[in-house]
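# Observations on the model geometry
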Amino acid sequence: MSRQGKIRAEAQAGECHNCRFVEIHVCFMCCSVFRGVGTHEHVTALVHQHEVRPTSGSARLVGKDGEVVSPHPTVERGGRCDTLARNLSRGGHVDTTLPPPPPPNTAPQVRNDAPLPTPTLFPEFKFTRTLYNATIPENSVGKTFVTPEERMGIVTIESSTDFEIRYKIIGGDKDKFFKAEERVVGDFCFLMLRTRTGNVDVLNRERKDKYVIEVRATGTRRDGKNKLSVLEADSTIVVVVLDTNDLKPLFYPTEYEQTVPEDTPLHKSILRVSAEDADLGRNGEIYYSFQENTDQFSIHPMTGIVSLTRPLGYIERPFHELTVIAQDRGSSITSGATKPSTARLRIKVQQVNIYSPEIYVNHLPDIMEHSNADIYAIVKVLDRDKGIHGEIKSLEIVDGDPDGHFRIRSAEETGGKLGEYNIEVLHLLDREVAPQGYNLTLRATDKGVPARQSYKAVPVHLTDLNDNAPVFDREIYEVEIPETAPINTPVIRLKVTDADEGKNAQVFLEIVGGNEGGEFHINPDTGMLYTAVSLDAEEKAFYTLTVSAIDQGNTGTRKQSSAKVKVNVVDTNDNDPVFDAAEATVWVDENEPPGTSVTKVTARDRDSLDNAYISYSIANLNPVPFDIEHFSGIIRTTSVLDYESMRREYVLRIRASDWGVPYRRQTEMQLRIRVRDVNDNRPQFEKVDCVGHVPRYVSIGTEVITLSAIDFDAGNIISYRMVSGNEDGCFSLDSTSGVLSVTCDLMDVKVADREVNVTATDSTHFSDTVHVLIHLVMAKKSGSPSRLLTDDMGGFECRDTGVARRLTEVLASAEKNNMPGRAEEFAMMPSRYGENVHAPEFIDFPIEIRVNESVALGTTLVRIRARDRDLGYNGKLVFGISLGDQDSVFRLDPDTGELKVIGYLDREREQEYLLNISVYDLGRPQKSASKFLAITVLDVNDNSPKFEKALASFRVTENALNGTAIFRVNATDTDLGENAHVTYSLVTDTQDFSVDRITGILYVSSALDREKQELYELRIRATDGGGKISDVPPLSSDAIVRVTIDDVNDNAPLFALSSYTVKMREDIPLGSVVAIVTAADPDVGQGGEVRYSLVGGGDGEGVFSIDRLSGTIRTAEPLDFEERQVHSLIVRAHDRGTPSLSSETTVIVEIVDVNENLHAPEFDDFVVAASVKENQPVGTLVTTVHATDADPPGDDSVVGYSIRGGDGIGLFSIDSEELNLRPFALRANAFNTEQSWFLPYQEPLCTSCWFIAEVVNLIWALIDLSKVPRSPFVSTL
């Protein structure tokens, strides 16, 4: 029974044919035996690279990448397929289309110790695989056999010599390159595929790298002389054409040209050359190298990238021409190597604009503004580049001159030197327009490509010309001042500015007009206008002063301007009203109706407004029949005056009062009003309605009755007259005496009664008519007939009118009212209108006032108190500073006496003021008092310390010792005491320097290292002692001290690592860069220039070289791994300082072995047959095979042997050095008398040999001898 049939039977029976362990399974691909839960002990040596994973109750073969290779229902979980793994790892192809297992065998299962029944199954006539993988080198000569990955052929069905198998190519070889042959060994007919002879064409992998050949096997039985074809089977052979190094690299293009700027940094890639080789593997891998020895460039041996290893210089060498060699790796180790290819590399060094232009400015003296100077500065521009890059294209002003006052002009245009330029002034400059001057920014551009630019700031300072007059902040100032202001009262501060600077901006003020009386004076420095005399608004209420401001420029250039100051002297009611006359007498007629105007008094006040508004009053205490209109001064009667009964003369005290504040001013006059008697009374008869009897016999001339009339008016003469009743003239009335007498003979009167009507007159007024009724009677004569009346009335009876009584009363009243010596009573004038008796007196006058100089404007320092025991304006006080305020910083309120600060105090300008404080009353005459008040200005920490030099620069070497003094800063503070005590500190955070806090000396406090820090910008702070005695914090100022550290050669070049390890293939071309070591030296100058060298004594001496400038290590001799695997190089880097310092590093170059094993070992034949008896002891020699290697003597030609597989459960062993095959244990099999064992083995480079071992009467085995190491690029025959 064939092996295939047995395995299938075992699978069906479910037991191992070796150990009779049930529930076993067999891999149909590699015949490995497995059980359900693990591998049998006798197959534990097999290493399966691919898992068998269950899928839906069956199993599948999974590759390394998780790809399902082949589902197989009979392989249990846990199994591994070694054959599949081996085929996949070798890149071959595996036939996964196996036929299904045969039907289960009906033979009964037996125990392990029971003999197996004889199988009845026979193998089919078929190839062991439907697909085989094989290889053959390209360019193979005729009769070169392909190398299969496993045996190809058919297991023979019959052992008869009449049965033969023939192979024939039926497809896939249209070019007739191959021929199929057969060879029978034992029960296997090998299929051998070789190249035909006589074929002109050869296999060319580059043209076709794979052939799929269809082979048909025909089995025929010979029956006598006739042949009968009985069986046919087809299979496919995939023949992969292996590469041989039959092509050389080809450059495309063959010439390279590259322009490289000369400032290209070291080790930067410049370009990449490229060659192609159509071969595969190492034969297609290309090494690049330079044909010439050069330290300027390097080329990467594998990528072809050309890099710069030394600085370029256009001046030294503008062109570089190199030849690049391209050689494949196969040629580097193959005798009779192909000729390398070359390419020309032309590198053109491009001159680079390395340096920017350098601008140097030669300043001329400062420009006077408005001057006609045309050149401000001469500028020289240099460029250290050569050629076109060193030429200056332009110099221009790019900033700082927006109005175009300047321009740049080449000096060549005016006959100057090349490279010089003039900064010219185009327009007149005005310093006031640009008080800070101009800061021109120059830009110089060269003609390089690309162009480089540099900038330079050029400050332009303009010297001031006194071209600006002082300017008042107002053209006209208007101010009011009370006329009671004391002398030296501040009026207004005039503010003046001058756009010039220095002395030209210092302004002196003076009054040049409107001050003819010297009423004002001005502080020429502060601009404060003061009163110089006492002002009187009544004399002059308005002043227009012309104040001139003159700067302090040089004589002849001084400028001035002026402003008007209109001073309005405000009236303060300092004048009493004044009557036109102090006394006056007026007459008034009696009996005038009430309201009759008697007179008008007028008072005038020189003050103005309310102070001049006067009201009048009568100051009499006793009532008088007069009143005065308060505002007009008209005096009117309040009742009817009666001369006869009332006072005939009145003395009035008329008072005039203004409306001033705080007090009114009053004055009085005496007005004498005399009552003029007016005939305002009619005569009045004492008796009226008289009735009497007169005898008729009375003689003519007899007085009948005397009528008496009284006139209340004084001095009036009364005359009487008859108005009626005396038509006949019998009576006569004496006009003076009023005696009525008879002028006719009454006897002749015919009537008995006569009524005579008499009136009295004072020549103006007539009295009422008095009726005198006379009864004429006839009576006896008496003794004296000439006189009838015995009294005034005679014998008449009259009605008494009471006039006499009334007259008596009037006369008594008149006498009383006009009694001589009667004094008039008047209201007293208020005492405040009395005389100014007392002078002002200070109350609690301060001895000294101490004030901080930081006091705010408007602060009240003290309130001066004073008193005057007078009243009214005599006691009204005003205050003023008569002297001592030369800086115009104080103001004493005239009314309240508050002393205020109106200007900024500065102790550093004036530390004490002695003010003459004066107080005045407003009496007449004015009285005053004065005292000196000392004001001490206390220091406040308002001034920062000031350094003598705010910026200083020094240089110190980096090896300066600790404690080295560099510089002493000095700052002063104009304050006093602790505020002026200055201490120093170092603000900059550094431990390398320190400053003495008292002396200000800057010391070196730590070891300096220029390489860590080259420039120190130290900020030193001077702080005063503020804050200790006041709330004002300390003030400070800073100075910058730039300390430049000068280099000394104190640093050896330093490598980044103490050792470097690189790996290099042993076959790299000469001149290839192995490593680039760089040492950094932070020193400057020659102390920082590093040179490299290899120290003698290293084991790489002569094999490697180093570029002394760049530290590039290259191969100088071929490398050989077999001769030396590691090279240790000692690289020294030293600077060029004095003394020179150096350091070393180790570069370990590990040589990577390149497989130079070109030839695979070759057996004498690809198959060996032998036999061995069963039950031979372990170690029995079965056979000896021999393989040879064509490589040179050495490790590559030493052949080792091993069994690759096929020895079942390890029945055979093989010597590693000589192929002696020995069995471990052999015993007869119950099923057969012979068994074939396929014994493969594997090495890195190998060839195959099939070994057939026949166990006599029991088993024969087909052994696949292990492949011997060989090159992967050389085909195995």
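Residues numbered from 1 in each chain as written. Predicted model: local features only at pLDDT ≥ 70, side-chain atom pairs only at ≥ 80, totals over all residues. Heavy atoms only, no water.

## Overview of the overall build of the chain
Looking only at helices and strands, the chain has 4 helices and 95 strands in total. Within the chain, buried positions represent 46% of all 1277 residues. Carbon together with sulfur atoms contributes 49% to the accessible area of the chain, which is approximately 63,200 Å² in total. (Helix = DSSP H or I, 4+ residues; strand = E, 2+ residues; numbered from the N terminus. Buried < 20%, exposed > 50% of the residue type's maximum accessible area, 1.4 Å probe, protein only. Areas by Shrake-Rupley, 256 points an atom, 1.4 Å probe, with all protein chains shown as cover.)

## Examining the sheet that holds strand S21 (residues 319-328)
One open sheet holds the 4 strands; their spatial order is S15-S22-S21-S18, and the pairing between them is mixed. Two strands in the sheet have a free side with no partner beyond their single neighbour: strand S15 (255-261) and strand S18 (286-290). In this sheet, neighbouring strand axes are inclined to one another by 25 degrees on average, regardless of whether the strands run parallel or antiparallel. Here S21 runs beside strand S22 (residues 341-350); their pairing, made up of 8 bridges, is antiparallel. Bridging across to S22, Thr-323 finds its partner in Arg-344. (Pairing = 2+ DSSP bridges. Axes fitted to C-alpha atoms, helices over the stretch in contact; angles between N-to-C directions.)

## Description of a nonpolar patch on the surface
There is a patch of nonpolar side chains on the surface, built from Tyr-613, Phe-631 and Trp-659 and spanning about 330 Å² of accessible area. With respect to the secondary-structure elements, Tyr-613 resides in the loop between strand S44 (603-604) and strand S45 (614-618). Given a relative accessible area of 40%, Tyr-613 falls into the partly exposed group. (Patch = residues over 30% accessible without salt bridge, like charges linked within 9 Å, V, L, I, M, F, W, Y side chains within 5 Å. Salt bridge = Lys/Arg side-chain N within 4 Å of Asp/Glu carboxyl O.)

## Some details on the pattern of salt bridges
Counted according to the given criterion, the structure contains 60 salt bridges. Note that Glu-321 and Arg-344 form a salt bridge whose closest N and O atoms lie 3.4 Å from each other. A residue pair is termed long-range when its members are at least 10 positions apart, and Glu-321 in strand S21 and Arg-344 in strand S22 qualify at 23 residues. Overall, Glu-321 belongs to the partly exposed group, its relative accessible area being 43%. Among the salt bridges present, the one from Asp-1047 reaches Arg-1010, with a minimum N-O distance of 3.0 Å. One end of the pair, Asp-1047, is in the loop between strand S77 (1036-1046) and strand S78 (1054-1055); the other, Arg-1010, is in the loop between strand S75 (1001-1004) and strand S76 (1015-1023), with 37 residues separating them in the sequence. Look at Arg-1010 and you get buried, because its relative accessible area is 6%.

## Details of the state of the cysteines
Tallied over the full model, the rule gives 2 disulfides. The disulfide bridge from Cys-730 ends at Cys-744, spanning 2.0 Å between sulfur atoms. Between Cys-730 and Cys-744 the disulfide shows an S-S torsion of about 115 degrees. By sign, it is right-handed. Of this pair, Cys-730 sits in the loop between strand S54 (719-724) and strand S55 (731-733) while Cys-744 sits in the loop between strand S56 (739-742) and strand S57 (753-761), and the two are 14 residues apart along the sequence. Taking the relative accessible area as the measure of exposure, Cys-730 reaches 6% and is therefore buried. (Disulfide = S-S within 2.5 Å.)

## A closer look at the sheet that holds strand S40 (residues 560-570)
In spatial order, the strands read S33-S40-S39-S36; together these 4 strands make up an open sheet with mixed pairing. Strand pairing shows two members of the sheet lacking a second neighbour, strand S33 (476-482) and strand S36 (507-513), which therefore form its edges. On average, each strand axis in the sheet is tilted by 30 degrees relative to the strand beside it, whichever way the strands run. For strand S39 (residues 542-551) and S40, the ladder comprises 9 bridges, and the chain directions are antiparallel. Counterpart to Tyr-543 in the pairing with S40 is Val-567.

## Regarding the side chain of Thr-489
Locating Thr-489 in the fold gives a position in the loop between S33 and strand S34 (490-493). Within the local environment of Thr-489, its side chain forms a polar contact with the backbone oxygen of Pro-486, the two atoms lying 2.6 Å apart. Dropping the residues within four chain positions of it, Thr-489 is found in contact with Ile-481, Leu-529, Tyr-530 and Thr-531. (Polar contact = N/O pair within 3.5 Å; in protein donor to acceptor, adjacent residues only side chain to side chain. Contact = heavy atoms within 4.5 Å.)

## Some details on the pairing of S18
Across a regular strand the side chains alternate sides, sitting on one face of the sheet and then on the other. Counting buried positions along S18 yields 5 of 5 residues, so the element is predominantly enclosed. Side-chain alternation along S18 places Ile-286, Tyr-288 and Phe-290 on one buried face and Tyr-287 and Ser-289 on a second face that is also buried.

## Focus on unusual backbone geometry
A cis geometry characterises the amide bond from Tyr-252 onward to Pro-253, with omega recorded as 0 degrees. Tracing the chain through its elements places Pro-253 in the loop between strand S14 (250-251) and S15. Note that the residue after Val-449, namely Pro-450, is joined by a cis bond; omega there is -10 degrees. Residue placement: Pro-450 occurs in the loop between strand S29 (438-446) and strand S30 (453-460).

## Details of the packing of aromatic side chains
Overall, the coordinates contain 22 aromatic pairs when judged by the stated rule. Look at Phe-251 and Tyr-288: their rings are 6.2 Å apart centre to centre, the planes differ by 55 degrees, and that puts the pair in the tilted class. In this pair, Phe-251 sits in strand S14 while Tyr-288 sits in strand S18, placing the two residues 37 residues apart along the sequence. Aromatic pair Tyr-613 and Trp-659: ring centres 5.3 Å apart, planes at 85 degrees, arrangement edge-to-face. Linking Tyr-613 in the loop between S44 and S45 with Trp-659 in the loop between strand S48 (649-658) and strand S49 (666-676), this pair joins segments that are 46 residues apart in sequence. A residue is classified by how much of its surface remains accessible, and Trp-659, at 35% relative accessible area, is partly exposed. (Phe/Tyr/Trp six-rings, centres within 6.5 Å; stacked < 30°, edge-to-face > 60°.)

## Quick notes on a positive patch on the surface
A cluster of basic residues, Lys-143, Lys-168, Lys-176, Lys-179 and Arg-196, forms a positive patch on the protein surface. Turning to its location among the elements, Lys-143 is positioned in the loop between strand S6 (131-137) and strand S7 (147-148). (Lys, Arg positive; Asp, Glu negative; His and termini not counted. Charge placed at Lys NZ, Arg CZ, Asp CG, Glu CD.)

## Comments concerning the confidence of the model for the chain
The predicted model of the chain has a mean per-residue pLDDT of 80, with 81% of residues at 70 or higher. Across residues 1225-1244, where pLDDT falls below 50, the model places 116 contacts with residues more than four positions away in sequence or in other chains. Long-range and interchain partners of residues 1257-1277, a stretch whose pLDDT sits below 50, account for 148 contacts in this model, where long-range means more than four residues apart. (pLDDT = per-residue confidence, 0-100.)

## Here we look at the environment of Pro-261
As for its placement among the helices and strands, Pro-261 is situated in strand S15. Once the C-alpha coordinates of Pro-261 and Val-349 are considered, the two residues, 88 residues apart in sequence, prove to be 5.8 Å apart. In this structure Pro-261 touches Leu-312, Gln-350 and Val-352, once residues within four positions along its chain are discounted.

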